[in-house]
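Remarks on the overall topology
One letter stands for each residue in the lines below.
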Amino acid sequence: MLLARAIHFDESDMNVFSNPARTSEWCVSGGFEFSNWSQGDLVGKQRQAFANGWMGLETGGRVTFVAVTQIEPHELTQLIELLAQHFVTYYGAPDLASARPVAEEELSQMMELCEEHAANTLLTVARELTDAGVKESYRVIEAQSAGLEQFAIHAAPES
C-alpha cells in the first residue's frame, strides 16, 4: 500500500502557510477544508493553502510537496482514526462512528492517487474555485534514478 508523506526541500513552506505540515507526516489532499469557500476567502496564507497545499494528518498543516511511500496496515488504521477525530473536532461530525467512513474514503482516494506511481515520486496539487465547487489537479514529478558517482566523493590517498 502506498500513501504520501510531506517533504520539504527548503524553508518556503514555513513562510507561505500559516500552519505548515511537519516533514514526513502522512498527507491527504484535504480539499474538503475549502468546500464552502468563496473568492473572498482566498486571501493571504489561506489563498496559498487553498491553491497548492496538501494537508498533514497529524498537524492539519499544509505542505507543497508530498512523496509517495509505503504505508503499513496498522499505520493506515491509525490515520483513519486521526482523520475521523479531525472531522468530529473541526467539522461537526456527530461522532467517530459517523466520521470514520468519510475518513476511510478520503484516505482511499489518496491511496488510489499514489498507487499509480513508484515510491519517491513527488506530487503537487493545484486547486481552483469553479461554479461546481473546488477543482483539484495533480502534477507528478517522477523519481530520478541517480548513479553512485553523482554522490560519491573521490579523494586521492595522501602520500
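The text that follows walks through the structure, step by step, so that each part is easy to find. (Residues numbered from 1 in each chain as written. Predicted model: local features only at pLDDT ≥ 70, side-chain atom pairs only at ≥ 80, totals over all residues. Heavy atoms only, no water.)

**Description of the sheet that holds strand S2 (residues 26-28)**
Strand order in the open sheet formed by 7 strands is S4-S3-S2-S1-S5-S6-S7, with antiparallel pairing between adjacent strands. Looking along the sheet, the strands with just one partner apiece sit at the ends: strand S4 (62-63) and strand S7 (133-141). Sheet topology note: the strand S1 (residues 2-7)/strand S5 (residues 65-70) ladder contains 6 bridges and is antiparallel. Its bridge partner being in S5, Ile-7 is matched across the sheet by Phe-65. Across the sheet, helix H4 (residues 96-115) touches S1, S2, strand S3 (54-56), S5, strand S6 (122-130) and S7, and the angle it forms with S1 is around 90 degrees. (Pairing = 2+ DSSP bridges. Helix = DSSP H or I, 4+ residues; strand = E, 2+ residues; numbered from the N terminus. Contact = heavy atoms within 4.5 Å. Axes fitted to C-alpha atoms, helices over the stretch in contact; angles between N-to-C directions.)

**Overview of a negative patch on the surface**
The grouping of Glu-105, Glu-112, Glu-115 and Glu-116 at the surface amounts to a negative patch. For Glu-105, the location among the structural elements is in helix H4. Residue classification places Glu-105 among the partly exposed positions, given a relative accessible area of 42%. (Patch = residues over 30% accessible without salt bridge, like charges linked within 9 Å, V, L, I, M, F, W, Y side chains within 5 Å. Areas by Shrake-Rupley, 256 points an atom, 1.4 Å probe, with all protein chains shown as cover. Salt bridge = Lys/Arg side-chain N within 4 Å of Asp/Glu carboxyl O. Lys, Arg positive; Asp, Glu negative; His and termini not counted. Charge placed at Lys NZ, Arg CZ, Asp CG, Glu CD. Buried < 20%, exposed > 50% of the residue type's maximum accessible area, 1.4 Å probe, protein only.)

**So, the packing of aromatic side chains**
Under the definition given, this model contains 8 aromatic pairs. For the ring pair Phe-34 and Trp-37, a centre distance of 4.7 Å and an interplane angle of 90 degrees mean the geometry is edge-to-face. With relative accessibility at 21%, the residue Trp-37 sits in the partly exposed group. The rings of Phe-32, Phe-87 and Tyr-91 are connected pair by pair, giving a single aromatic cluster. (Phe/Tyr/Trp six-rings, centres within 6.5 Å; stacked < 30°, edge-to-face > 60°.)

**A look at helix H3 (residues 73-91)**
Within an α-helix, residues lying three or four positions from one another point in the same direction, as the helix has 3.6 residues per turn. For H3, which comprises 19 residues, the first-to-last C-alpha distance of 26 Å matches the rise-based estimate of 27 Å (1.5 Å per residue) to within 8%. When we look at burial in H3, the residues that qualify are Glu-75, Leu-76, Leu-79, Ile-80, Leu-83, Ala-84, His-86 and Phe-87. In the core, the buried residues of H3 are packed alongside S1, S2, S3 and H4. Looking one or two residues past H3, Gly-92 carries a phi angle of roughly 75 degrees, positive in sign. (Expected span 1.5 Å × (residues − 1).)

**Structural notes on the environment of Phe-17**
Considering the arrangement of structural elements, one finds Phe-17 in the loop between helix H1 (12-16) and S2. Under the relative-accessibility criterion, Phe-17 is labelled buried at 2%. Expressed as a C-alpha distance, the spacing of Phe-17 and Gly-53, which sit 36 residues apart in the sequence, is 8.2 Å. Not counting the four nearest positions on each side in its chain, Phe-17 is found in contact with Lys-45, Gln-48, Ala-49, Asn-52, Gly-53, Arg-62, Val-63 and Thr-64.

**Side note on unusual backbone geometry**
Unlike most non-glycine residues, Ser-24 shows phi in positive territory, near 80 degrees. Mapping Ser-24 onto the fold places it in the loop between H1 and S2. In this model, Asn-120 sits at a positive phi of 75 degrees, which is unusual for a non-glycine residue. When you line up the elements, Asn-120 lands in the loop between H4 and S6.

**Structural notes on the side chain of Glu-25**
Topologically, Glu-25 is positioned in the loop between H1 and S2. Although Glu-25 is buried, it forms no salt bridge, and the closest oppositely charged side chain is Arg-22 at an N-O distance of 4.9 Å. Within the structure, Glu-25 has its side chain in polar contact with the side chain of Thr-59 (distance 2.8 Å). Apart from the residues lying within four places of it in its own chain, the contact partners of Glu-25 are Ala-4, Arg-5, Ala-6, Gly-56, Leu-57, Glu-58, Thr-59 and Gly-60. (Polar contact = N/O pair within 3.5 Å; in protein donor to acceptor, adjacent residues only side chain to side chain.)

By themselves, these observations are geometric and do not establish any function.
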